[in-house]
Amino acid sequence: MRTTVAIIGAGPAGLLLARLLDRAGIDSVVLESRDRAYVERRQRAGILEQGTADALRAAGAGARMDREGLVHTGIELRFDRRRHRVDFPSLTGGRSVTVYAQTEVCKDLIALRFRGGGPLLFGAEALAVEDADTASPRVRYRHEGREGVLDCAYVAGCDGYWGVSRAAVPPALSRTYERTYPYAWLGVLADVPPSHDELVYARHDRGFALLSMRSPTVSRLYLQVPAGARAADWSAAAVWDELDLRLATDDGWRLERGPITATSVTPMRSHVHEPMRHGRLFLAGDAAHIVPPTGAKGLNLAVGDVVTLARALVAHHGTGDPTGLDTYSATCLRRVWQAERFAYAMTAMLHRDPAATPFDDRLQRARLDRIAGSRAAATDLAESYTGLPFG
């Protein structure tokens, strides 16, 4: 089998890249190791930056998002039982975010691909990327019990941290930057309307809490727990009691409880792999970088990567100009490191380190007070949260 662009991974990054290439008349094949049902139900991110929402609309994939997504024009910070709202449009020139789950983004893009795009093979496990530093790279894969080779001009590695793409970059050329955090997130889905109409980020002496949502009738909530904690160690009553405690305010606000339908634990870490290009292999999304979820950057960084890559491929395909491809890694990494900075700052400001001293606690409160009292500090948060420009 032969194509122009081999795309490994059918998450939002791979699917959006395929869609952008389809619309530009560039053929591609998408290989995804999991089945369609798994891709369409795996719970991941749910906050779309302004630029991500705009990119989906420009790709013809935003109709259902605009009907069903929840546009948020701010977030609320809670600390010391006080509430402070950060208003995005007034600080960013009108930018906002949209609550629309990654599962729904994938469903929309998969439907478009099958409606009129190129091949999308589910259950196709990529085994290796070969000859990435030549003019004729290829991907070896296994599909329906048989091994095959996908010959191509370019490979887009959108297959996550554990995929084969990153491993195809020679170790001698790779640089890795990492940070592991001494806590994790216990996340729950609950069949109860959200107790607030915007996301609430709470700093408490017992640890961080987040009130989020998936729809007007489904809440998504998180608690900071020790690294290595198990979801099974937490009863529903214990989860609700702890959320009540950490989200409490002095103005009579109440947390509504309901049936918990899913529970999971998410480790917290930061990871960046440089470079994001090796020959004709281009890494995108979690294959190149991971951020702690506090800043809602993972999905949005992946979209920024593939929008940048699609522009570069379209320019090269149309005019032969290699500039975008040659600068892909450097262009993406500038945005990646700004997102890493923001996610780290949010994480450090809101989570309580097990080794924290009273001095550390006071610094956290000082950071929050600064945002609450300074338009400049609030603007930095709002600009980063709603998303820096792609490219």
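Per-chain numbering applies: the sequence of each chain, read as written, is numbered from 1 onward. With the structure being a predicted model, the display of local features is reserved for residues of pLDDT at least 70 and the display and counting of side-chain atom pairs for 80 or more, all residues being used for whole-chain, interface and lining totals. Side-chain metrics in this entry use all non-hydrogen atoms of the structure; hydrogen atoms and water are not considered.

(A) Seen up close, the domain arrangement of the protein chain. Domain extents, as shown, originate in an automatic or database domain assignment. Domain annotation for the protein chain reports domain 1 (5-72 + 99-177 + 269-346) and domain 2 (179-268 + 351-386). Between domain 1 and domain 2, roughly 1,900 Å² of surface is buried when both sides are summed, and carbon and sulfur atoms account for 61% of that area. Summed over both partners, the accessible area lost on bringing two parts together, with a 1.4 Å probe, is the buried area. The three residues of domain 1 that bury the most area against domain 2 are His 72, Arg 269 and Thr 294, which together make up 24% of that side's buried surface. A side-chain nitrogen of Lys or Arg and a carboxyl oxygen of Asp or Glu constitute a salt bridge if their distance falls within 4 Å. Remark: the boundary between domain 1 and domain 2 carries one salt bridge. Notably, a salt bridge pairs Arg 341 with Asp 380, separated by 3.7 Å at the nearest N-O pair. For the purposes of these results, a polar contact is taken to be a pair of N or O atoms within 3.5 Å, where, inside protein, one atom must be able to donate a hydrogen and its partner to accept one; residues adjacent in sequence count only when each atom of the pair is a side-chain atom. There are eight residue pairs in polar contact (both at pLDDT 80 or more) connecting domain 1 and domain 2. Mapped onto the side of domain 1 that touches domain 2, the elements with two or more residues apiece are helix H3 (50-58), strand S4 (70-72), strand S17 (260-274) and helix H10 (328-350). No other element matches H10, which puts four residues into the side of domain 1 that touches domain 2. The numbering of helices and of strands both runs from the N terminus, where a helix is a DSSP run of H or I of at least 4 residues and a strand a run of E of at least 2.

(B) Expanded view of the packing of helix H1 (residues 12-24) against helix H6 (residues 102-116). Here, axes are lines fitted to C-alpha atoms. For helices the fit covers the stretch in contact, and angles between N-to-C directions go from 0 to 180 degrees. One can describe the packing of H1 onto H6 by two numbers: an axis separation of 9 Å at closest approach and a directional angle of 35°. Read as a crossing pair, H1 and H6 show a hand that is left-handed. Across the interface between the two elements, Pro 12, Leu 15, Leu 16, Ala 18, Arg 19 and Asp 22 of H1 pack against Gln 102, Val 105, Cys 106, Leu 109, Ile 110, Leu 112 and Arg 113 of H6. Among the residues making up the contact of H1 with H6, the classes are represented as nine nonpolar, one polar and three charged. When the near helix sits turned anticlockwise from the far one by under a right angle, the crossing is termed left-handed; a clockwise turn instead gives a right-handed crossing. By definition in these notes, contact holds between two residues if any of their heavy atoms fall within 4.5 Å. Residues were grouped as follows: Ala, Val, Leu, Ile, Met, Phe, Trp, Tyr, Cys and Pro as nonpolar; Asp, Glu, Lys and Arg as charged; and all remaining residues, including Gly, as polar.

(C) Region of interest: the sheet that holds S4. The pairing criterion is simple: DSSP has to find at least two bridges between the two strands. Overall, antiparallel pairing links the three strands, which are arranged S3-S7-S4 in an open sheet. Each of the sheet's edge strands pairs with one partner strand only, and the pair in question is strand S3 (47-48) and S4. Relative to strand S7 (residues 97-99), S4 is paired through three bridges, and the arrangement is antiparallel. Within S7, the residue paired with His 72 across the bridge is Val 97.

(D) Focus on the packing of aromatic side chains. Here a pair means two rings of Phe, Tyr or Trp (six-membered ring of Trp) with centres within 6.5 Å. Their orientation is stacked below 30 degrees between planes, edge-to-face above 60, and tilted elsewhere. If you walk through the whole model with that rule in mind, you get twelve aromatic pairs. Consider the rings of Phe 282 and Tyr 328, whose centres lie 5.4 Å apart with planes at 85°: the pair is edge-to-face. Taken together, the residues Phe 282 in strand S19 (residues 281-283) and Tyr 328 in helix H10 connect sequence positions 46 residues apart. Here a set of aromatic residues connected by ring pairs shows up, and it is made of Phe 88, Trp 185, Tyr 201, Phe 208, Tyr 222, Phe 342 and Tyr 385. Note on criteria: charge over ring means Lys NZ or Arg CZ within 6 Å of the ring centre, with the direction from the centre no more than 35 degrees off the ring normal. One Lys or Arg, Arg 34, reaches over the ring of Tyr 38 and ends 4.2 Å from the middle of that ring.

(E) Molecular detail of the environment of Val 272. Structurally, Val 272 can be placed in strand S17. By relative accessible area, Val 272 is classed as buried at 1%. For the pair Val 272 and Asp 353, spaced 81 residues apart in sequence, the C-alpha separation works out to 22 Å. Any residue under 20% of the maximum accessible area for its type is buried, any over 50% is exposed, and the rest in between are partly exposed; the area is computed with a 1.4 Å probe on protein chains only.

(F) Quick peek at the UniProt feature "domain: FAD-binding" (unreviewed entry) in the protein chain. UniProt positions are given in the numbering used here, feature names are shortened, and annotations may be inferred rather than shown by experiment. Taking the numbering used here, the UniProt-annotated feature "domain: FAD-binding" (unreviewed entry) corresponds to residues 2-343. Helix makes up 32% of residues 2-343 and strand makes up 33%, while its end C-alpha atoms are separated by 40 Å.

(G) Expanded view of the pairing of strand S1 (residues 5-8). Along S1, one buried face is formed by Val 5 and Ile 7 and the opposite face, lined by Ala 6 and Ile 8, is buried too. Note: S1 against strand S2 (residues 28-32), four bridges, orientation parallel. Bridge pairing links Ala 6 to Val 29 in S2. For a crossover, the right-handed case is the one in which the path from the first strand over the helix to the second runs clockwise, viewed with the strands pointing away from the viewer. With respect to chirality, the unit in which S1 leads through H1 into the neighbouring parallel S2 is right-handed.

(H) Spatial organisation of helix H8 (residues 298-319). Each residue after the first adds 1.5 Å to the expected span of a helix. End to end, H8 covers 32 Å across 22 residues, agreeing with the expected 32 Å (1.5 Å per residue, within 8%). A positive backbone phi angle near 85° is found at Gly 320, which sits one or two residues after H8.

(I) The arrangement of the packing of H8 against H10 in detail. Axis separation between H8 and H10 bottoms out at 10 Å; the angle between their running directions is 160°. The pairing of H8 with H10 is recorded here as roughly antiparallel in orientation. Considering how the two elements wind past one another, H8 and H10 form a crossing that is right-handed. Residue-level inspection shows Asn 300, Leu 301, Gly 304, Asp 305, Thr 308 and Leu 309 of H8 in contact with H10, the latter providing Tyr 328, Thr 331, Cys 332, Arg 335, Val 336 and Ala 339. A breakdown of the residues in the contact of H8 with H10 according to their chemical character gives six nonpolar, four polar and two charged. Note on terminology: angles under 35 degrees are roughly parallel, angles over 145 are roughly antiparallel, angles of 65 to 115 are roughly perpendicular, and the others are oblique.

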